[in-house]
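Remarks on the overall topology
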Amino acid sequence: MKKVAKTISIKEYQLPVIIAKENGYFVTTCPSWSDCYAQGKTIDEAMAEIISVASSLIELYQEERAKIPLKQKSNSAASAQKLSFNIPQNLRYSASS
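I will try to describe carefully the structure that is included in this document.

Thresholds applied
- Residues numbered from 1 in each chain as written.
- Predicted model: local features only at pLDDT ≥ 70, side-chain atom pairs only at ≥ 80, totals over all residues.
- Heavy atoms only, no water.
- Helix = DSSP H or I, 4+ residues; strand = E, 2+ residues; numbered from the N terminus.
- Buried < 20%, exposed > 50% of the residue type's maximum accessible area, 1.4 Å probe, protein only.
- Contact = heavy atoms within 4.5 Å.
- Areas by Shrake-Rupley, 256 points an atom, 1.4 Å probe, with all protein chains shown as cover.
- Expected span 1.5 Å × (residues − 1).

1. Considering the overall build of the protein
For the protein, the helix and strand inventory stands at one helix and five strands. Beginning at the N terminus, the succession of helices and strands in the protein can be written as β-β-β-β-α-β. The buried share of the protein, reckoned over its 97 residues, is 33%. Within the protein, residue pairs in contact and separated by at least 24 positions form 47% of the contacts whose partners lie at least 6 positions apart. Of the accessible surface of the protein, which amounts to about 6,500 Å², a share of 48% is contributed by carbon and sulfur atoms.

2. Regarding helix α1 (residues 43-63)
Compared with an ideal rise of 1.5 Å per residue, which puts 21 residues at 30 Å, α1 spans 30 Å between its outermost C-alpha atoms and is within 8% of the ideal. Every buried residue of α1 is accounted for by A46, M47, I50, I51, S52, A54, S55, L57, I58 and Y61. Taken from the residues just after α1, R65 is the one with a positive phi, measuring 55 degrees.

Structural measurements only, silent on function.
See below:
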């Protein structure tokens, strides 16, 4: 399956993600942040999972005063063409079985 690359906005950062189908699951990875990856049975589930992972990692990195390896979100016209999601500060996602 062809990989799809997208950039989503999360909190004040841009999160570039690559979506690929592997062994029946959709796997999302962030090429600039090796700690940030997720999978799901559907693209929507995989995207929700990586958003949740990124939100948790951002919070953890901020608490640890570690450098977050993402670009700051810009307000330029070019970024308006990118896929973006508004993420609540305390987002917690749980998949139902």
